[in-house]
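Single-letter residue listing:
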Amino acid sequence: MKNLLSNELREIFIKYFTEKGHILVAGSSLIPAGDDSIMFTNAGMVQFKDYFTGAASPPMPRAVTVQKCMRAGGKHNDLENVGKTSRHHTFFEMLGNFSFGDYFKKDAVLLAHEFLKDVIEMDMDKIYVTVNAKDDEGYSIWKDTVGFDERKIFKLGDETNFWQMGETGPCGYSSEIFFDTGYSEAGHKDCDINCDCGRYLEIWNLVFMEFNKDRGGAVAKLPKPSIDTGMGLERILRVLQGVKSNYDTDVFIPYINEIDAIAGKRYNSGDEAYDTAARVISDHIRTSVFLSAESVFPSNEGRGYVFRRILRRLIRYALKLNISLENLIYLGNTAVIVMGGFYPEVRDGLTVFEKIISEEYDKFTDTVGQGIKLLEEKITELKNKKEKTVSGGFIFKLYDEKGFPVDLAVDIAGENGLSIDLKTFGELMDIQKKGSKQKKEKHGIPDMIPGIPKTNFTGYADIEASANITGIFGEDGEPVRTIEDGGFYYITADSTPFYPEGGGQTGDKGHIEWTDGNVSLSASVSGAYKTKNGVILHHGRIFTDGASAGESVLKGPVFPAEAKFSVDKETRRKTASNHSAVHLLQASLRKILGSHVSQQGSYVDPERLRFDFSYGKPLADDEIRNIETSVNEYIFADMEVKVEELDVKTALNSGALHFFDDKYEEKVRVVSMGGVSKEFCGGTHVSRTGEIGFFKISGESSIASGIRRIEAVTGLNYLNYLYVEEDNITNIAKLLNSSRADVYNKIIKLFYDYEFLEKANEELKSKLNNFEAERLIGSFKTAGAGGVKYLISKFKNVSGEELKDLANALKSRSDFPSGDSAVIFISNLNDEKLVYIVSAEGSADASKIIKLINSEVGGKGGGKKDFSQGGTTSVSKFGDIENIAGNIISEVLIAKAEV
């Protein structure tokens, strides 16, 4: 067998299949484009799905790819097994060759056999294959055409040898190729290919795409039989490199080595708990960096929730090994070193990863970490009592009071051989949800209006209409018997042209007019809302001619009462313009920043619009300008805005954008603008893009980890925006005693003046540090028989960075003590926070000292052996901190010196 490294194997695989007439196609994103049946790309064939179904014509008959994949969440989920076995990963690479109606089973088998036998020279005596028991053709090809030993061909059922990508889509019989590693994780000596102990390692899956499964479970023949194969890169490397675990190959060893160095332990030295943690950390680090590169961000739903689970698991195992946040970030850089050559996008992911892991680490240690401690105490208590189940009530309390995730509780309990009473937990969650719902219904907009029929919305076609009022309700949602002039009420009707707030669009404003007997009434509608049972509420003040404000004008209203409903035309027009602009904005963002950008929320009203989207970094000035230009080009093109009502399946197949997790009615509205935008949308829109007028971005900001927000104005509101900007420039010019035209030059001069003063200030600080170092050098104390030198000093309103600079100035002196030493500086910042640093030399360990200080003062922080830092809000400890630090020195340095 050839002993190949990962880069060599990728190159050899690509070379072999391109020489066999396959076209090299770049691997796709981890986020499936236009395919909501799966959460992540989990196989090489995902990007070719439309070719297999016949929905699109392939531009080539054969293809070869190296595809990055994920199996964590959804039908294919390996997350729980990662770390426990030698072969499971959340992120992995799939080498694949594909035929789109070109060659089929025979050639697929022959190509695979030749590659294994002649190209990478595998030991074919250790190769075994499986076929579907119903696939006589596949069995015959292996036995008769290849001449493979029939004793090593196993006929298995659909559960193992019928492959499908998701609940729906292309599928077919498969033939799996296994390698007998001779090593069983369970210690088995006599087992066969049906055993899951890891001895027989699946290295290649040949899928014979013959069928397509629809949402109803029906299976039909594909128009052209095709081939989809997948070879796990990590698994084949394990075989070629002659190691017992995927984690011993060159794609994982760099991570393992770094973890060993940080933790001060050695992988594969008999400590299974450490080995499991090292495997989890190495796998989850590279997964996290790749997801960061794809602009996936932690959240509480969908892909973001899967990412959050991975990060929590990563942090939990890192804390078990005392691996700090700084070292997790350092490990992220290993992903760039190992994978950046073949996947250059991972370099961009590192910066995003640093921000994400920092935020998630703080959240975990602040809240989740407390929950883990309580759960572990409960588990110890249950084990002592020889009980096997954690009560659902205890887990609910953790969730309710600490925000502790139940899936993490299940993981931790499982690791300790315990289960959780999820039935009771679920019942308690249901009770809580019902309570929240009842509380919500007592305040604000009524959630339901019982007894009132669903409102028919007619506002797409008309903004004025006659309809029957079916009820008038107070702000508490209760029917009223008496109306006071000028009072606020909710009005319901059998139909209305008023658009209710929803889909990110504010509700319409306008007027309702009707009579009750001899009384003429009108309602000034300030907003429209829709209840869960489909009733549209018109909220506003009801008036009558001739009555004084607050006077009772109507008793016992009778319904239905015919009324005239009039939507404010200008308000509707401006709102529609902003909503259409949002669609053009999303199209421009996906065009300029990439198709991985996805909507996270939006809001439009007559005055402004905002759009939230997934993106890992602030937009550059030129990107903002390009986006603005793109939207305005679409506006000036005066494209037709086409609205269609389609069944969901047709709408999905049309490629219209929609929210991944939303549930839709059987019929949906699809709004298209030229050939640039197509989205599911129930809102109101202009009829042509030219009606929007002009588009201007007024702000771009971050609203959450990995979520950006763009705010903008359109039409005449742009003029108001310009007037404000002009006033700002005028005011700045006055402050600078400058003309408007000379503002820029004045600011540049101030900037250079500031730079000069900043440099002078740094020089002065350096001199002060040297003076302070001169004062402190004689204050070192000696601890223990070993002569360890240490210095502890307190300061007021000196930042952590300044403390570090002072420590460096001290250490740079020629008379700084040689040998083992520790310098501890503490500063009180405005009586709001304490910061402290430890700088160590020789055998003294700053990270251990900082950890002990943290435990004494309730602080957080960490670092490396030579330098660590921390902080706490317990400012009351400042008076005693020298004694605390001194005691710690005695415990750590003196004990170490005397050993």
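The structure presented is a predicted model; accordingly, all values stated were derived computationally and were not measured.

Q: Whenever I open this one, the packing of aromatic side chains confuses me. Can you help?
A: The description of two aromatic rings rests on the distance between their centres and on the angle between their planes. Going through the model one piece at a time under the given rule, you end up with 38 aromatic pairs. Taken together, a centroid distance of 4.8 Å and an interplanar angle of 50° make the contact between F13 and F17 tilted. A residue pair is termed a helical-turn pair when its members lie 3 or 4 positions apart in one helix, as F13 and F17 do in helix α1 (residues 6-19) at 4 residues. Each member of the pair F13 and F17 is classed as buried. Measuring from ring centre to ring centre gives 5.4 Å for F13 and F115, while their planes differ by 80°; the resulting arrangement is edge-to-face. Of the two residues, F13 is situated in helix α1 and F115 in helix α3 (residues 105-119); the sequence distance between them amounts to 102 residues. Considered together, F13 and F115 belong to a single accessibility category, that of buried residues. The lysine or arginine in question, K155, covers the ring of Y139, its NZ or CZ lying 4.4 Å from the ring centre.

Q: Help me out: how do you make sense of the sheet that holds strand β22 (residues 599-604) in this one?
A: Each strand in a sheet pairs with its neighbour through backbone hydrogen bonds, running either in the same direction (parallel) or in the opposite one (antiparallel). An order of β22-β23-β28-β27 is seen for the 4 strands of this open sheet, with the pairing classed as antiparallel. Two strands bound the open sheet, and with one partner strand each, they are β22 and β27 (695-704). Going from strand to strand, the sheet's axes swing by 15° on average, the running direction of each strand aside. Bridge count for strand β23 (residues 609-614) against strand β28 (residues 707-714) is 6 bridges, and the pairing is antiparallel. Residue pairing in the sheet places S614 in a bridge with I707 of β28. Along the sheet, helix α18 (residues 717-735) contacts β27 and β28; its crossing angle with β28, the most-contacted strand, is approximately 105°.

Q: How do you make sense of the pattern of salt bridges when you look at a structure like this?
A: Between side chains of opposite charge, pairing is possible as soon as their charged atoms come close. The final tally for this structure, using the stated rule, is 43 salt bridges. With its nearest N and O atoms 2.5 Å apart, the salt bridge here joins D135 to K105. Here the residue D135 occupies a position in the loop between β4 (127-132) and α4 (136-145), and K105 occupies one in helix α3, the gap between them amounting to 30 residues. Residue classification places K105 among the buried residues on the basis of a relative accessible area of 2%. Residues E628 and K696 are paired through a salt bridge, measuring 3.3 Å at the closest nitrogen-oxygen approach. Of the two residues, E628 sits in helix α16 (residues 621-636) while K696 sits in strand β27, which places them 68 residues apart along the sequence.

Parameters and conventions
- Residues numbered from 1 in each chain as written.
- Predicted model: local features only at pLDDT ≥ 70, side-chain atom pairs only at ≥ 80, totals over all residues.
- Heavy atoms only, no water.
- Phe/Tyr/Trp six-rings, centres within 6.5 Å; stacked < 30°, edge-to-face > 60°.
- Helix = DSSP H or I, 4+ residues; strand = E, 2+ residues; numbered from the N terminus.
- Buried < 20%, exposed > 50% of the residue type's maximum accessible area, 1.4 Å probe, protein only.
- Lys NZ or Arg CZ within 6 Å of the ring centre and 35° of its normal.
- Pairing = 2+ DSSP bridges.
- Axes fitted to C-alpha atoms, helices over the stretch in contact; angles between N-to-C directions.
- Contact = heavy atoms within 4.5 Å.
- Salt bridge = Lys/Arg side-chain N within 4 Å of Asp/Glu carboxyl O.

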